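Listed here are the chains, written in short residue letters.
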Amino acid sequence: MPRRYLGTAFVLVVLLALWTMIQMWNSVEGDMGTHEWIAMILGIIFSCVVGFGLMGLMFFSSREGYDEPPTYIQENDDEDGDKG
């Protein structure tokens, strides 16, 4: 397959996957009960809290310099440089 058609093939695969997901979603019949709604809402809230917390930690560590590569500073044992 020529390289110029890869983008078109990718778009077609994504559209086919989307169409399949929509068809599967619409084929399911039934209502969610109260417990299912509560579980779904708590799961969404917990996922957002964890995601926001991890992103905040990432920005904090980046701004504080914890992500910098280590630098080794070699110090002399003697102040005047004499060994002995």
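Relevant structure appears above.
Treat the numbers as computed from the prediction; the structure is a model and nothing was measured.

A.B. asks: Tell me about the overall build of the protein, and name the residues and values.
C.D. replies: The helix and strand tally for the protein stands at two helices and zero strands. Residues counted as buried form 1% of the 84 residues belonging to the protein. Accessible surface for the protein amounts to roughly 8700 Å². Of this, 65% is attributable to carbon and sulfur atoms.

A.B. asks: I'd like a rundown of helix α2 (residues 34-64), residues and numbers included.
C.D. replies: Between its first and last C-alpha atoms α2 spans 45 Å; for 31 residues at 1.5 Å apiece the expected length is 45 Å, and the two agree. The positive-phi residue at the C-terminal boundary of α2 is Gly65, with phi of around 90°.

A.B. asks: How would you explain a nonpolar patch on the surface if you had to name every residue and give the values?
C.D. replies: Together, Phe10, Val11, Leu12, Val14, Leu15, Leu18, Met21 and Ile22 make up an exposed nonpolar region whose accessible area comes to about 780 Å². Mapped onto the fold, Phe10 is located in helix α1 (residues 6-27). Overall, the relative accessible area of 57% leaves Phe10 in the exposed class.

A.B. asks: Run through the side chain of Ser61, naming residues and quoting values.
C.D. replies: Within the secondary structure layout, Ser61 lies in helix α2. Here the side chain of Ser61 touches Met58 through a polar contact of 3.0 Å, landing on its backbone oxygen. Aside from chain neighbours lying at most four places away, what touches Ser61 is Tyr66 and Asp67.

Reading guide: rules and limits
Residues numbered from 1 in each chain as written. Predicted model: local features only at pLDDT ≥ 70, side-chain atom pairs only at ≥ 80, totals over all residues. Heavy atoms only, no water. Helix = DSSP H or I, 4+ residues; strand = E, 2+ residues; numbered from the N terminus. Buried < 20%, exposed > 50% of the residue type's maximum accessible area, 1.4 Å probe, protein only. Areas by Shrake-Rupley, 256 points an atom, 1.4 Å probe, with all protein chains shown as cover. Expected span 1.5 Å × (residues − 1). Patch = residues over 30% accessible without salt bridge, like charges linked within 9 Å, V, L, I, M, F, W, Y side chains within 5 Å. Salt bridge = Lys/Arg side-chain N within 4 Å of Asp/Glu carboxyl O. Polar contact = N/O pair within 3.5 Å; in protein donor to acceptor, adjacent residues only side chain to side chain. Contact = heavy atoms within 4.5 Å.

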